[in-house]
Amino acid sequence: MDNSNLVLRTKLIDRMFHWSMVSCFTLVALSGLSWFFPSLNWLGYVLGPPQLARVLHPFLGIAVFALLMCMFVRFVHHNLFVRTDLTWFRHIVDVLLNKHGQKLQIGKYNAGQKILFWGIMSLISLLFVSGLMIWRAYFAALFPIPVLRLALLAHSVAGLALILLVIGHIYMGIWVRGSIGGMISGYVTRAWARQHHDRWYEEEVAPTKPLPSKRHG
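Residues numbered from 1 in each chain as written. Predicted model: local features only at pLDDT ≥ 70, side-chain atom pairs only at ≥ 80, totals over all residues. Heavy atoms only, no water.

An unreviewed UniProt entry annotates the protein chain as Formate dehydrogenase of Acetobacter okinawensis. In the Cofactor (unreviewed entry) part of its UniProt record, the protein chain is described as follows: "heme". (UniProt positions renumbered as here; feature names shortened; annotations may be inferred.)

### Quick word on the packing of helix H1 (residues 12–36) against helix H6 (residues 145–175)
For any two helices packed against each other, the geometry is given by the interaxial angle and the distance between the axes. For the pair H1 and H6, the least separation of the axes is 11 Å and the interaxial angle reads 130°. Here H1 lies oblique to H6, going by the angle between them. Regarding H1 and H6, the two cross each other, and that crossing is left-handed. Judged by residue contacts, His18, Phe25, Ala29, Leu33 and Phe36 of H1 engage Ser156, Leu160, Leu162, Ile163, Val166 and His169 from H6. In terms of residue class, the contact of H1 with H6 is built from eight nonpolar, three polar and no charged. (Axes fitted to C-alpha atoms, helices over the stretch in contact; angles between N-to-C directions. Helix = DSSP H or I, 4+ residues; strand = E, 2+ residues; numbered from the N terminus. Parallel < 35°, antiparallel > 145°, perpendicular 65-115°, else oblique. Left-handed = near helix turned anticlockwise from the far one by under 90°. Contact = heavy atoms within 4.5 Å. Nonpolar A, V, L, I, M, F, W, Y, C, P; charged D, E, K, R; others polar.)

### Regarding the side chain of Arg15
Along the chain, Arg15 falls in helix H1. Summary of buried charges: Arg15 has no salt-bridge partner, and the nearest side chain of opposite charge, Asp14, is 7.9 Å away. Each residue touching Arg15, except ones within four places of it in the same chain, is listed here: Leu8, Thr10, Gly182, Met183, Ile184, Ser185 and Gly186. (Buried < 20%, exposed > 50% of the residue type's maximum accessible area, 1.4 Å probe, protein only. Lys, Arg positive; Asp, Glu negative; His and termini not counted. Salt bridge = Lys/Arg side-chain N within 4 Å of Asp/Glu carboxyl O.)

### Looking at the pattern of salt bridges
Pairing between side chains becomes possible if they bear opposite charge and their charged atoms approach one another. A full pass over the atoms with the stated rule returns three salt bridges. Of the charged contacts, one joins Asp85 and Lys114 as a salt bridge, the two residues approaching to 2.9 Å between their closest N and O atoms. With Asp85 in helix H3 (residues 85–90) and Lys114 in helix H5 (residues 111–133), the pair connects residues that are 29 residues apart, well separated along the chain. Just as Asp85 is buried, Lys114 falls in that class too. Salt-bridge contacts for Glu203 lead to Arg199; the nearest nitrogen and oxygen are separated by 3.7 Å. Note that Glu203 and Arg199 are positioned in helix H9 (residues 198–205) at a spacing of four residues, about one turn of the helix. Owing to a relative accessible area of 16%, Arg199 belongs among the buried residues under this scheme.

As structure tokens, this is what we get:
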């Protein structure tokens, strides 16, 4: 592909945070599901024998939280809601049908992505706090049994909700062609940027100098 048609959307450091978090989250989610649903107990073996899985699960959970907090610092300024997000909501049906006939004034992330961002950050914070409370090796003894039961319930519900959000995120990444490739390589085409994030394209992409193309002959 002609390099002059590509634009950097996601920097290397951000992609490293993202894919490292994905790896840790997958292990944490599968082991967590194995304890929540007895019929899925075989999933826990992604972390080894049950005893080892229970040791590794909270440490990997902390890694997920830390990586997401790094991503929060780097992405929060792009995920603040602005007035033009209302346009996206008014055309939600066209968005879901992947129709792009009208300019929606979308910045680097659309309103749906912003909701996903804040949902993930809220749930991982709840998981972090509740997870520390029920961590038997270090903190569980500090809390009465009724509090631990509530913390366990909150941890389970938040964990399932986060898994559902992530599944939705993956689905939309597949649905919007070019999104996953952009998170792997960091680059998207100018046409993709103009079609899916028109305001970001006009404000930040269009004024930039294209990457040099390779000429032969």
